[in-house]
Amino acid sequence: MPASRRLPAAGALLVLIGAAIAAVPALVSDFVLLQIVIKSLWLGIAGTSLAFLIGQAGLISLAQTAVFGASGYLMAILVLDHGLTIWAAVAAAVAAGPVAGLVIGAISRRSSDLYLMMLTLAIGVFTFFFAQQYQPITRGHTGFNGFDAPLLFGADLSERKPLFYVSAVAAVAVVALFRLVMRTPAGLAFRGLRDNRDRLQALGYSTSATTISAFAVSGFAAGVGGVISVWYNGAISPGSIDITRIIELLIVVTIGGTIRIEGAFLGALVVTLLRNYANDYTNRTETLVGAAFMAIVLLSRHGLLGILLNLKSLAPKALRFFRGQRMASEKEAVA
Amino acid sequence: MHPPTGAAPPAGRRERAEAASDPLRYRLSALSQRPEARRLFGAAVALLLVYYAASKSLEIGDRSLLVLLNGLTSAGLYFLMASGFTLVFGLARVTNLAHGGIYLLGGYAALSVQRATDNWLAATALGALFAGGVSVVLYQVLRLLRGDGLRETMLTLGATIVIADQVLAKWGGIPTDLDPPSFLRGSIDLPGSALLYPKFRLAVVALALLAGLVLWVLLYRTRLGMLIRAGVDDPDMVSILGIRVPLVLGSVFVLAGALAGIAGAAGGTYLSLAQGEDNRILLASLIVVIAGGLGSLRGAGAASVIVGLVEAFAQTHHPVLSVLITFGMLIAILALRPHGLMGGADHARL
């Protein structure tokens, strides 16, 4: 389809998404908006960075919380310790995402598969210990508290609705950016990395450079997620990037499914709902979350999204099956 | 185009092109491809580190001995963990990230037994048995995925969460520890210095050496060990020869779990049992296994000593930067040897 014909469709989609976003605060209660919707949004934004790495480049990274933490910490440090104006700090923090991704990519550029997973896990856990131990900069295990979300055009982002709109717009922007990258030659190279490293190398691409740039691109979303999470929580501490969070991000992405990066938002919604409402029935929420994760891993290669898409492709099959039955019975009647 | 030195030419075309444009880099890459040169370099770095550690420590007297002993004690614990981890990877190609959780389970199970019987050895034995049992249950679940390595690893991550939460539910969140057995209580005088050192910590080193010896005998002097080694080399061929590979794999999982359980009991005695200990020990064994080379038992042994010593040194001299130093060492090793000290590209060497 030529671009000129796709443009109106994309515009219509944007209008539709905009209308949906505008409608959400009216449809849900204030509690749900804050505890479920906004939280799923920033968790989902951070999740898209991992979903992109896994789904597009085939790189399972457990170091995305390190990027997330680097951005969040940088913003908190610049504002609270160095008195920088907030939007300058935000810009620096968002820029820190790709830079942190670049560093992680450079460290793990020669690894793949399980080895990469272990190396990035070591990086992620190392970042946590660094935040906990290196008190002069990170304030040790208390971290930074009392961070005030900024004002945007006079709207206070520490209030629900403005924060929701900003997070939603950020989510759409991040997804749009990823979709854009996927359509460039670089996006094709990332998929080459996922599908066949040897062939990619034979075609003259450097797998190291491709890996590093994939990490850098994904770092952007993790950084944005980190910034919004600090606005949301008003704080960041080593607890925000410990191994539980590392696994949580992987759970979000796995439950959602990585065939589409948007799956991260579905996963984030499911995990946030579980964390919030499972408490009413059991004290062992974590066991439930872990068990749900294990069940999804066992049942489906592509998470909930995979199951849903399967259903979608099953529906026409089922329809055809029943139609076939009817036609057979009609034939019998004719005979 | 002839390379400027007589060394083996680099493999890729890209590298060769790079080499032509940058002779120094070419020479470095040629050097890094010679095993003797690499070993020499590794030994030199190690010697330099030891020298630096010793000279730095001598200024404050007996601390160097303390650093050495603390390092060896951690090395013992890390070897108990890493040997099982690396064995499971070598044979089953499973990275069991629940290994830290199994360590904690073994330690806590031993704690319960000790509270009931007041017998450290029985507690450790039962803790190891319990950990081995959990490990083999995990293996049965992993079998459902039929060798899809990445999903298997994710499953073990899920198991980590479930185990940590169940431990919290059963034993609570307050840090606790086991009492050492009566004959290992107290400290001994270290010869040639005024220091006292806990007996139990020395026993951990002995325990690790014993475990290493038992593993060696098992791997190189028994039929099961032969099957394990053959399985690491070529699992398909072993199964074609009529060996029931799942049985061999299952026994390796039990062995690895039991070793983690013993480590949990030992670590729970001289360190503590607490929430988060599982992650700390998992990170340490990951670093050991990655630095040593995945699937290599000898690599795990060598790396556990290096990691233990570097960590003890860093904690004594630069407590704030200790994690950074340990991690810097890992990055340095990986920069020189992307597959660890004794790991091959695809082929694991036991």
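Nothing here was measured: the structure is a model prediction, and the numbers come from that model.

Thresholds applied
- Residues numbered from 1 in each chain as written.
- Chains lettered and ligands numbered in written order.
- Predicted model: local features only at pLDDT ≥ 70, side-chain atom pairs only at ≥ 80, totals over all residues.
- Heavy atoms only, no water.
- Helix = DSSP H or I, 4+ residues; strand = E, 2+ residues; numbered from the N terminus.
- Buried < 20%, exposed > 50% of the residue type's maximum accessible area, 1.4 Å probe, protein only.
- Contact = heavy atoms within 4.5 Å.
- Areas by Shrake-Rupley, 256 points an atom, 1.4 Å probe, with all protein chains shown as cover.
- Buried area = accessible area lost by both parts, 1.4 Å probe.
- Polar contact = N/O pair within 3.5 Å; in protein donor to acceptor, adjacent residues only side chain to side chain.
- Nonpolar A, V, L, I, M, F, W, Y, C, P; charged D, E, K, R; others polar.
- Phe/Tyr/Trp six-rings, centres within 6.5 Å; stacked < 30°, edge-to-face > 60°.
- Lys NZ or Arg CZ within 6 Å of the ring centre and 35° of its normal.
- Salt bridge = Lys/Arg side-chain N within 4 Å of Asp/Glu carboxyl O.
- Patch = residues over 30% accessible without salt bridge, like charges linked within 9 Å, V, L, I, M, F, W, Y side chains within 5 Å.
- Axes fitted to C-alpha atoms, helices over the stretch in contact; angles between N-to-C directions.
- Parallel < 35°, antiparallel > 145°, perpendicular 65-115°, else oblique.
- Left-handed = near helix turned anticlockwise from the far one by under 90°.
- Core = buried A, V, L, I, M, F, W, Y, C linked by side-chain atoms within 4.5 Å.
- pLDDT = per-residue confidence, 0-100.
- Expected span 1.5 Å × (residues − 1).
- Bend = angle between axes of the 7 residues up to and from the residue.

Student: I'd like to hear about the overall build of chain A, residue by residue, with values.
Tutor: Looking only at helices and strands, chain A has 14 helices and two strands in total. For chain A, buried positions account for 49% of its 335 residues. Considering only residue pairs separated by 6 or more positions, chain A has 78% of its internal contacts joining residues 24 or more positions apart. Roughly 15500 Å² of accessible area belongs to chain A as shown, and the carbon and sulfur atoms make up 65% of that amount.

Student: Describe the overall build of chain B, and please don't skip the residues or the numbers.
Tutor: Check the secondary structure of chain B and you find 14 helices and two strands. Taking all 350 residues of chain B together, the buried fraction comes to 49%. Sequence separation of at least 24 residues holds for 72% of the intrachain contacts in chain B that already meet a minimum separation of 6. Counting only carbon and sulfur atoms, one obtains 66% of the accessible surface of chain B, whose full area is about 16200 Å².

Student: Go over the interface of chain A and chain B with me, naming the residues and quoting the values.
Tutor: Between chain A and chain B, the residue contacts involve 38 residues of the former and 47 residues of the latter. Ranking the residues of chain A by area buried against chain B places L114(A), Y115(A) and M118(A) at the top, with a combined share of 18%. Where chain A packs against chain B, one counts five residue pairs in polar contact (both at pLDDT 80 or more). Top contributing element to the side of chain A that touches chain B by residue count: helix α5 (residues 113-133) of chain A, with 14 residues. Taken together, the residues of the side of chain A that touches chain B sort by class into 26 nonpolar, seven polar and five charged.

Student: Describe the packing of aromatic side chains, with residues and values.
Tutor: Scanning the entire structure with this criterion turns up 13 aromatic pairs over all chains. Ring centres of F126(A) and F130(A) lie 6.1 Å apart, and the angle between their planes is 35°; on these two criteria the pair is classed as tilted. Remark: F130(A) and F126(A) occur in helix α5; sequence separation between them is four residues, near one turn of the helix. According to the relative accessible area criterion, F130(A) is partly exposed, its value standing at 26%. Among the aromatic residues, those joined into a ring-pair cluster are W42(A), F68(A) and Y232(A). One Lys or Arg, K170(B), reaches over the ring of W171(B) and ends 5.0 Å from the middle of that ring.

Student: Report on the environment of L249(B), specifying residues and quantitative values.
Tutor: Residue and element names in this part refer to chain B. The topology assignment puts L249 in helix α11 (residues 245-270). Separated by 161 residues in sequence, L249 and V88 have C-alpha atoms that sit 7.9 Å apart. Aside from chain neighbours lying at most four places away, what touches L249 is L91, A92 and Y139.

Student: Please set out the pattern of salt bridges residue by residue, giving values where relevant.
Tutor: Here the idea is simple: oppositely charged side chains can pair when their charged atoms come close. Across all of its chains, the model carries eight salt bridges over all chains by this definition. Here D165(B) makes a salt bridge to R284(A), at a shortest N to O gap of 3.0 Å. With D165(B) in helix α7 (residues 149-171) and R284(A) in the loop between α12 (263-277) and α13 (285-299), this residue pair bridges two chains. In this structure R284(A) comes out as partly exposed when scored by relative accessible area, which is 24%. With a closest N to O distance of 3.2 Å, E277(B) and R280(B) form a salt bridge. Here E277(B) pairs with R280(B), and both are found in helix α12 (residues 277-292), just three residues apart, close to one helical turn. Taking relative accessible area as the criterion, R280(B) reaches 26% and is therefore assigned partly exposed. What you see here is one network of salt bridges that share partners, running through R245(A), E248(A), R275(A) and E286(A).

Student: Outline a nonpolar patch on the surface, listing residues and values.
Tutor: Together, V99(A), L102(A), V103(A), I107(A) and I331(B) make up a nonpolar patch on the protein surface, roughly 380 Å² of accessible area in all. Locating I107(A) in the fold gives a position in helix α4 (residues 86-107).

Student: Quick rundown of the packing of helix α6 (residues 120-143) of chain B against α7(B)? Include the residues and the values.
Tutor: Residue and element names in this part refer to chain B. Their axes nearest at 10 Å, the elements α6 and α7 cross at an angle of 140°. With respect to α7, the axis of α6 lies oblique. For the pair α6 and α7, the sense of crossing is right-handed. Between α6 and α7, the contacting residues are L138, V141 and L142 on the first element and E152, L155, T156 and A159 on the second. Class assignment for the residues of the contact of α6 with α7 results in five nonpolar, one polar and one charged.

Student: Go over the side chain of H99(B) with me, naming the residues and quoting the values.
Tutor: Residues and elements named next belong to chain B. One can find H99 in helix α5 (residues 99-117). Here H99 falls in the buried class, since its relative accessible area comes to 2%. Every residue in contact with H99, bar those within four places of it in the chain, is listed here: M81, G84, F85, A256 and A260.

Student: I'd love a proper account of the nonpolar core, names of residues and values included.
Tutor: Residue and element names in this part refer to chain A. One finds M75, L121, W231 and L250 to be the most contacted residues of the largest nonpolar core, which totals 180 residues. Considering each element in turn, this core owes the most residues, 14 residues, to α5. Filtering out sequence-adjacent residues up to four positions away, W231 remains in contact with M75, W87, V90, F147, A149, P150, L157, L163 and V166.

Student: Please set out unusual backbone geometry residue by residue, giving values where relevant.
Tutor: Phi at D118(B) takes a positive value of approximately 60°, unusual for a residue other than glycine. By secondary structure assignment, the location of D118(B) is in the loop between α5 and α6.

Student: Provide a residue-level description of the confidence of the model for chain A, including the pertinent values.
Tutor: In this model, chain A carries a mean pLDDT of 83, and residues with pLDDT of at least 70 account for 93%. Mean pLDDT values over the elements of chain A span from 68, in helix α14 (residues 303-334) of chain A, up to 91, in helix α10 (residues 207-233) of chain A.

Student: Outline the environment of V175(A), listing residues and values.
Tutor: Residues and elements named next belong to chain A. With respect to the secondary-structure elements, V175 resides in helix α7 (residues 160-183). Separated by 86 residues in the primary sequence, V175 and I261 have C-alpha atoms spaced 7.5 Å apart. When neighbours within four sequence positions are excluded, V175 is seen to be in contact with T48, I261, E262 and F265.

Student: Which residues make up helix α8 (residues 199-221) of chain B, and what values go with them?
Tutor: With 23 residues, α8(B) extends 32 Å between its outermost C-alpha atoms, agreeing within 8% with the 33 Å of an ideal straight helix rising 1.5 Å per residue. Of all the residues in α8(B), the buried ones are F200(B), V204(B), A208(B), A211(B), L215(B), L218(B) and L219(B).

Student: Describe α10(A), naming the residues involved and giving the relevant values.
Tutor: Residues and elements named next belong to chain A. An ideal rise of 1.5 Å per residue puts 39 Å on 27 residues; α10 measures up with 38 Å between its terminal C-alpha atoms. Along α10, the sharpest change in direction is near 25° and occurs at G219. Taken across its 27 residues, α10 has 22 buried, putting it largely inside the fold. Following α10 by one or two positions, G234 has its phi on the positive side, about 70°.

Student: So what's going on with the confidence of the model for chain B? Which residues, and what values?
Tutor: Any residue range with low pLDDT should be treated as having predicted coordinates unsuitable for detailed reading. All names here are of chain B. Residues with a pLDDT of 70 or more make up 81% of chain B, whose mean pLDDT is 81. Throughout residues 1-11 the model reports pLDDT below 50, and contacts reaching past four residues in sequence, or to other chains, amount to 18 contacts. Within the model, the stretch residues 345-350 combines pLDDT values under 50 with 22 contacts to residues more than four positions away or in other chains.

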